[in-house]
Amino acid sequence: MTADAHIPQEDLALYALQALSEEEASAVRVHLKGCDVCRNEAAELSGDLALVALSAEERPLPEGAHERLMARIAVDAKQEGREAAKPVVSIADTKPARPVYSSIPWAAVAAMLVFAFALMMKIGDMHRELQQKSDQLAQQAAASSRAQRVLDVLTASSAQRVLLTAAKTKPAPSARAVYLAASGSLIFQANDLDPLPTGKAYELWVIPANGKAPIPAGLFRPDAAGSASVILPPLPTGVPAKAFGVTVERAEGSDTPTAPILLAGAAAGE
Ligand SMILES: [Zn+2]
């Protein structure tokens, strides 16, 4: 490493690894101040090593491996570097004559290859992880948008609600309830309801499986076609239902159902 020769790449690597002696390192520093070519080279090497350092964060080297590696590189560099120390090309020479292959410290090269391989594996892992995450996100988004569409259709006032029956039969009033006791969620849809006198409303009831009093679950009036729905009325959670019923009550609703029960359905499994 004289003032008028470029610094061999392996020495720059050792410098970046801080594996040079203080004396050698300061010679390199002096040269780097005055030489763009070597400075760029050193910056590139340091960048590579910084990447390696980052990639190694989650999977640290075994205890002492770093020290052993550094020692090994330092020894190799001294032996091979000294013998082959014919560095080489003056700055005046326009070709940046880089590699002097015979003098490359192979332990350092091997170490770099190992690091590079570890880095590639790491990048591969991260890529796979990212792919999985984005697949999951896409699935969740799809599921949630489907659920939203189901709700949109069920609640849309413009939806056509059609019950198919045997031809030429006047359809009787009917309704369907979908109930999730754990969250107290209820969706109810009725068809072919008879019109109500003014001042009256239909009222839906949840009849609890535990024998307690019926719980009012919403007032509703049918539209011109006789359809009505009750979507997610406020209900207590965790009350399994024995049955559902519909009565006619005064418009503001009642605390207890008034006979007769016009529509009733037992919940399956109770
Ligand atoms: Zn140089």
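## As for the pattern of salt bridges
Here is step 1: The final tally for this structure, using the stated rule, is five salt bridges.
Here is step 2: Salt-bridge contacts for Arg-128 lead to Asp-125; the nearest nitrogen and oxygen are separated by 2.8 Å. Here Asp-125 and Arg-128 lie together in helix H5 (residues 106-155), a separation of three residues that amounts to about one turn.
Here is step 3: Look at Asp-125 and you get partly exposed, because its relative accessible area is 28%.
Here is step 4: A salt bridge links Glu-252 to Arg-250; the shortest N-O distance between them is 3.1 Å.
Here is step 5: Given a relative accessible area of 59%, Glu-252 falls into the exposed group.

## Some thoughts on the sheet that holds strand E2 (residues 185-191)
Here is step 1: Pairing is antiparallel across the open sheet formed by three strands, whose spatial order is E1-E2-E5. Across the chains shown, the open sheet's two edge strands, defined by having one partner strand only, are strand E1 (174-180) and strand E5 (228-231). Direction aside, neighbouring strands of the sheet carry axes that sit 5° apart on average.
Here is step 2: Across seven bridges, the pairing between E1 and E2 is antiparallel. Bridged to Ser-174 within E2 is Asn-191.

Rules used throughout
Residues numbered from 1 in each chain as written. Predicted model: local features only at pLDDT ≥ 70, side-chain atom pairs only at ≥ 80, totals over all residues. Heavy atoms only, no water. Salt bridge = Lys/Arg side-chain N within 4 Å of Asp/Glu carboxyl O. Helix = DSSP H or I, 4+ residues; strand = E, 2+ residues; numbered from the N terminus. Buried < 20%, exposed > 50% of the residue type's maximum accessible area, 1.4 Å probe, protein only. Pairing = 2+ DSSP bridges. Axes fitted to C-alpha atoms, helices over the stretch in contact; angles between N-to-C directions.

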